[in-house]
Amino acid sequence: METANKLASDVRDLALAERGKRKIEWANQHMPVLQLIRKQFIKEQPLKGIRMSACLHVTSETANLAITLRDGGADLVVCASNPLSTQDEVAASLAKDYNIPTFAIKGEDNETYYNHITAALDHQPQITLDDGADLVTQLLTKKKDYVRHVIGGTEETTTGVIRLRAMAKDGTLKYPIIAVNDALTKHLFDNRYGTGQSTLDGILRATNLLIAGLKVVIAGYGWCGRGVAMRAKGLGADVIVTEVNPVRALEATMDGFRVMPMADAAKIGDIFITVTGNKSVLAAEHFEHMKNGAVMCNSGHFNVEIDISALEKIAIARKPARPFVDEFATKDGRKLYLLGDGRLINLAAAEGHPASVMDMSFANQALSVEYLIKHASELQPQVYPVPEPIDRQIAKLKLESMHVQVDKLTADQEHYLASWDEGT
Ligand SMILES: NC(=O)c1ccc[n+]([C@@H]2O[C@H](COP(=O)([O-])OP(=O)(O)OC[C@H]3O[C@@H](n4cnc5c(N)ncnc54)[C@H](O)[C@@H]3O)[C@@H](O)[C@H]2O)c1
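Residues numbered from 1 in each chain as written. Predicted model: local features only at pLDDT ≥ 70, side-chain atom pairs only at ≥ 80, totals over all residues. Heavy atoms only, no water.

Caption draft 1: Layout of the state of the cysteines. Applying the stated criterion to the full structure yields zero disulfides. Here Cys297 stays free of any disulfide, with the sulfur of Cys224 as its closest cysteine sulfur at 13 Å. Cys297 gets classed as buried once you look at its relative accessible area, which sits at 0%. (Disulfide = S-S within 2.5 Å. Buried < 20%, exposed > 50% of the residue type's maximum accessible area, 1.4 Å probe, protein only.)

As structure tokens, this is what we get:
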């Protein structure tokens, strides 16, 4: 039994640890690729003595990544990447059972959220792991002295990668970052199947609504939006998509969904789900036209997709209706519902992505961290893709774990594909 690191951590209640440990072990069973990496890390100790700070959603899957990094020799601390996404029992177990200092409390206020990020930065990391780029942003703006220790970092999500590319463009970024989100074995599966399933799971747990027959409006037909649309359709919803990108709008149309501007969708939707990574996608001009009983939620990274202050302005009263459901009574007698305070609904009201999809995302994280330690000196302060061999290796290992076999190119086929004059 490992000893508690009670002093270093700030979690809700260490007494929750036993429940957290069971959750972590359950998730581990569904993360075979990460298990293989962990075995290799235990043997080779590639992260030995490297200080790392990980600002990630503190879930049972993240715990398995943290344990893998620790077992590879890393000196790791963990903090939350969102005030509502922490699983308190998991945070307690990480601190108590696995001796990984953890700073995360579900429902923490903004001040505590940033204090926790500061605590993680005071570890003076050599590697940063981010989900949304809050850790890097705080480091580069509030803790500039510590930047000299950092050799590299990783970023988990689309919004974080966008922020980091903007930093690299204007010269603010000071060290190389690997965009884990952009690996094929990450966004094709985590963003699509993970967000697709867990977003609907969050809505169902919060509302217990029957989705069949409802008009579900999905803003954004990116990797996440495609997954959410696919799962909503599977539950019998009449799915409507809103987009700003003509190619994505065309794709949604040919996938069989109705596409229209939000101004029109606002009038007919029963449930609205934003997954754009953009701000004010649902705003005052939409709330005005929504039907009585309309439900709104967000699965994009930040809680800016639904303009909550505009919603508060048109409301005469706001009260909780159920856990993670707030009712806004409008002056004209309607009731509009906001889920999870506009934060990622799959993490606020459900448990985030299932472990088997996070297996690939976090395998990318672990192997990218190892890669950074070996290659950081050759890299510039830019955003880099996950090296292709890592991506392919993860796909191979995942297929093996699922007992799926694939064909191999024959020498003749390889030659055919590599030449320009065959087949003429
Ligand atoms: N909930 C989760 O667990 C989870 C998981 C992965 C990613 N994310 C987050 O979800 C968001 C979307 O990620 P993605 O990978 O799908 O990104 P993406 O870039 O593939 O897709 C975003 C889509 O939104 C569209 N869009 C932008 N502004 C819009 C507007 N005003 N109205 C309608 N459409 C608009 C874009 O054209 C694009 O097609 C990001 O913030 C990402 O960080 C959340």
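Caption draft 2: Representation of the site of the ligand in the model. Taken together, 25 residues are adjacent to the ligand, and Thr157, Thr158, Thr159, Glu243 and Ser299 come closest. In the environment of the ligand, an oxygen atom lies 2.5 Å from a nitrogen or oxygen atom belonging to the side chain of Glu243. Here the ligand, which alone exposes 870 Å², has 87% of that area covered by the protein. Every element with two or more residues in the shell around the ligand is listed here: helix H7 (158-169), helix H8 (184-207) and helix H9 (223-234). For the shell around the ligand, the residue count by class is six nonpolar, 17 polar and two charged. (Near = heavy atom within 4 Å. Polar contact = N/O pair within 3.5 Å; in protein donor to acceptor, adjacent residues only side chain to side chain. Areas by Shrake-Rupley, 256 points an atom, 1.4 Å probe, with all protein chains shown as cover. Helix = DSSP H or I, 4+ residues; strand = E, 2+ residues; numbered from the N terminus. Nonpolar A, V, L, I, M, F, W, Y, C, P; charged D, E, K, R; others polar.)

Caption draft 3: Representation of the sheet that holds strand S12 (residues 315-322) in the model. Sheet architecture is open: eight strands sit in the order S9-S8-S7-S10-S11-S14-S13-S12, paired in mixed fashion. Since the sheet does not close on itself, it has two edges, and those belong to strand S9 (258-259) and S12, each with one partner. As defined by bridge partners, strand S11 (residues 295-298) adjoins strand S14 (residues 335-339) across two bridges and the pair is classed as parallel. In the strand pairing of S14, Val295 is matched with Tyr337. (Pairing = 2+ DSSP bridges.)

Caption draft 4: Main features of the sheet that holds strand S6 (residues 177-179). Strands sit in the order S3-S2-S1-S4-S5-S6-S15 across an open sheet of seven strands; the sheet is parallel. With one partner strand each, in any of the chains shown, strand S3 (102-103) and strand S15 (383-385) form the two edges of the open sheet.

Caption draft 5: Structural view of the pairing of S12. Inspection of the sheet shows S12 paired to strand S13 (residues 325-330) by six bridges, in the antiparallel sense. Bridge assignment links Lys319 to a residue of S13, and that residue is Glu327. Here S12 hands over to S13 after two residues, with Phe324 in that stretch at a positive phi of 70 degrees.

Caption draft 6: Here's a closer look at the nonpolar core. Ranked by internal contacts, the top residues of the largest apolar core, which has 53 residues, are Met52, Val58, Leu65, Leu69, Leu76, Ile100 and Leu129. If one sorts the elements of this core by residue count, helix H15 (residues 355-375) sits on top with 10 residues. Every residue in contact with Met52, bar those within four places of it in the chain, is listed here: Leu47, Leu69, Ala74, Asp75, Leu76, Val77, His123, Pro125, Ile127, Leu129, Val369 and Ile373. Of all hydrophobic cores here, the second largest spans 27 residues; its members include Ala206, Tyr221, Val241 and Leu339. (Core = buried A, V, L, I, M, F, W, Y, C linked by side-chain atoms within 4.5 Å. Contact = heavy atoms within 4.5 Å.)

Caption draft 7: A look at the packing of aromatic side chains. Inspection of every chain in the model, using the stated rule, returns three aromatic pairs. Judged by centre distance (6.0 Å) and plane angle (65 degrees), the ring pair of Tyr221 and Phe257 falls under edge-to-face. Here Phe257 lies in the loop between helix H10 (246-254) and S9 and Tyr221 lies in the loop between strand S7 (215-219) and H9, a separation of 36 residues in the sequence. A relative accessible area of 2% places Tyr221 in the buried class. The ring of Trp223 is capped by Arg226, whose NZ or CZ atom sits 4.3 Å from the centre of that ring. (Phe/Tyr/Trp six-rings, centres within 6.5 Å; stacked < 30°, edge-to-face > 60°. Lys NZ or Arg CZ within 6 Å of the ring centre and 35° of its normal.)

Caption draft 8: Main features of H10. Between the side-chain oxygen of the N-cap and the backbone nitrogen of Val247 there are 2.8 Å, and the N-cap of H10 in question is Asn245. Once H10 finishes, Gly256 follows within two positions and takes phi at roughly 100 degrees, a positive value.

Caption draft 9: A look at H8. For H8, spanning 24 residues, the distance from its first C-alpha to its last is 33 Å, which sits close to the expected 34 Å at 1.5 Å a residue. Its maximal kink placed at Thr195, H8 deviates by approximately 35 degrees. Backbone geometry just downstream of H8 places Asn208 in the positive-phi region, at approximately 55 degrees. (Expected span 1.5 Å × (residues − 1). Bend = angle between axes of the 7 residues up to and from the residue.)

Caption draft 10: Representation of unusual backbone geometry in the model. The backbone of Asn99 sits at a positive phi, close to 55 degrees, despite the residue not being glycine. On the secondary structure map, Asn99 appears in the loop between helix H4 (88-96) and S3. According to the relative accessible area criterion, Asn99 is partly exposed, its value standing at 33%. Even without being glycine, Phe324 reaches a positive phi, approximately 70 degrees. Within the element layout of this structure, Phe324 appears in the loop between S12 and S13.

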